[in-house]
Amino acid sequence: MRVYLPSTMPGLAGILAKGEAGPAPLRAFAVTPALREAYASGDDEELEYTAMLVAAKQSLRLLEADPEAPRRRVVLATDVPDSQVSWHAYDDEPAAVLVAGPIPVTAIASGHVDELDAVADVAAAADAITAADGGDDDAGFAVDSAEAHELAWYATQELQYL
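Below is a summary of the structure that appears in this document.

Calculation rules
- Residues numbered from 1 in each chain as written.
- Predicted model: local features only at pLDDT ≥ 70, side-chain atom pairs only at ≥ 80, totals over all residues.
- Heavy atoms only, no water.
- Helix = DSSP H or I, 4+ residues; strand = E, 2+ residues; numbered from the N terminus.
- Buried < 20%, exposed > 50% of the residue type's maximum accessible area, 1.4 Å probe, protein only.
- Contact = heavy atoms within 4.5 Å.
- Salt bridge = Lys/Arg side-chain N within 4 Å of Asp/Glu carboxyl O.
- Arc of directions from axis to C-beta.
- Axes fitted to C-alpha atoms, helices over the stretch in contact; angles between N-to-C directions.
- Parallel < 35°, antiparallel > 145°, perpendicular 65-115°, else oblique.
- Left-handed = near helix turned anticlockwise from the far one by under 90°.
- Nonpolar A, V, L, I, M, F, W, Y, C, P; charged D, E, K, R; others polar.
- Pairing = 2+ DSSP bridges.
- Core = buried A, V, L, I, M, F, W, Y, C linked by side-chain atoms within 4.5 Å.

**Describing the environment of Pro-94**
Mapped onto the elements of the fold, Pro-94 is located in the loop between β5 (85-86) and β6 (96-99). Take Pro-94: its relative accessible area is 24%, and that puts it in the partly exposed class. Along the primary structure Pro-94 and Thr-32 are separated by 62 residues, whereas in three dimensions their C-alpha atoms are 6.9 Å apart. When neighbours within four sequence positions are excluded, Pro-94 is seen to be in contact with Thr-32, Ala-34, Leu-35 and Ala-38.

As structure tokens, this is what we get:
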């Protein structure tokens, strides 16, 4: 199953150095039955994109928690056995899953990272994400501005150079 794992640049460096993402359980995002129900008109590709965007939003929360991290969202697309994935949503998010074990770097299919031109908007969004979650319209606008930037796709062998 394809699972989208939110991260940061230091988080990515740690995953590459350790050879795995962990420890378990890992909070991630995927096309779940709940997501399919919430987006009944979306095809598989659109649902995968939605799960990736939710992971990118979670990356903003990780950036908020690490003020020293470069202000670029990171999402790793990984393939894990279905038996490792729990469908129980958390935080009322229909794409949310828990992965029961560490994810080896060999399971990473691709990386999705903000380009440098997104840094200012991502920094503002990371600072505003908690207020946006609470319903602050101005903070929501800051988050929307970051989400307007498409994440760049990187092959697994390119991730070490980021």
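**Some thoughts on the side chain of His-112**
For His-112, the position within the fold is in strand β8 (residues 108-113). Note on His-112: relative accessible area 9%, which makes it buried. Leave out the neighbours within four places in its chain, and His-112 touches Met-52, Arg-73, Val-74, Val-75, Ala-77, Leu-151, Ala-152 and Trp-153.

**Considering the pattern of salt bridges**
The final tally for this structure, using the stated rule, is five salt bridges. With a shortest N-O distance of 4.0 Å, Lys-57 and Glu-147 are connected by a salt bridge. Of this pair, Lys-57 sits in helix α3 (residues 44-65) while Glu-147 sits in helix α5 (residues 137-147); the two residues are 90 residues apart in sequence, bridging distant segments of the chain. Take Lys-57: its relative accessible area is 31%, and that puts it in the partly exposed class. A relative accessible area of 30% places Glu-147 in the partly exposed class.

**Section: helix α1 (residues 9-18)**
For α1, the full list of buried residues reads Met-9, Leu-12 and Ile-15. Along the axis of α1, the buried positions cluster into a sector of 120°, meaning they face one direction only. Seen from the buried face of α1, the exposed residues on the opposite side, beyond 90 degrees, are Ala-17 and Lys-18. Check the buried side of α1 and you find it contacts β1 (2-7), β2 (20-21), β4 (74-79) and β8.

**Some points on the packing of helix α4 (residues 119-133) against α5**
At a minimum axis distance of 7 Å, the contact between α4 and α5 shows a crossing angle of 140°. With respect to their mutual orientation, α4 and α5 come out oblique. Helix-helix and strand crossings are classified by hand; for α4 and α5 the assignment is left-handed. Contacts between α4 and α5 involve Asp-121, Val-122, Ala-124, Ala-125, Ala-128, Ile-129, Ala-131 and Ala-132 on the former and, on the latter, Ala-139, Gly-140, Ala-142, Val-143, Ser-145 and Ala-146. For the contact of α4 with α5, the residue count by class is 11 nonpolar, two polar and one charged.

**Some points on the packing of α3 against α4**
Between α3 and α4, the shortest axis-to-axis distance is 8 Å and the interhelical angle comes to 100°. One way to sum up the angle between α3 and α4 is to call them roughly perpendicular. Only Val-122, Ala-125, Ala-126, Ile-129, Thr-130 and Asp-133 of α4 make contact with α3, whose side of the interface consists of Lys-57, Leu-60, Arg-61, Leu-63 and Glu-64. In terms of residue class, the contact of α3 with α4 is built from six nonpolar, one polar and four charged.

**Examining the pairing of β1**
Taken across its six residues, β1 has five buried, putting it largely inside the fold. Relative to β4, β1 runs antiparallel, the two being bridged by six bridges. Note that in β4 the partner of Leu-5 across the bridge is Leu-76.

**Observations regarding the nonpolar core**
By size, the foremost hydrophobic cluster in this structure holds 22 residues, and its most contacted members are Val-3, Leu-5, Leu-76 and Ile-103. If you list the elements that add at least two residues to this core, you get β1, α1, β3 (26-29), β4, β6, β8 and β9 (152-154). Of all the elements, α1 adds the most residues to this core, at three residues. Contacts of Leu-76, omitting those with residues within four sequence positions, involve Val-3, Tyr-4, Leu-5, Leu-12, Ile-15, Ile-108, Ser-110, Gly-111 and Leu-159. In terms of nonpolar packing, the next biggest core, distinct from the first, is built from 15 residues, Met-52, Val-54, Ala-56 and Ala-95 among them.

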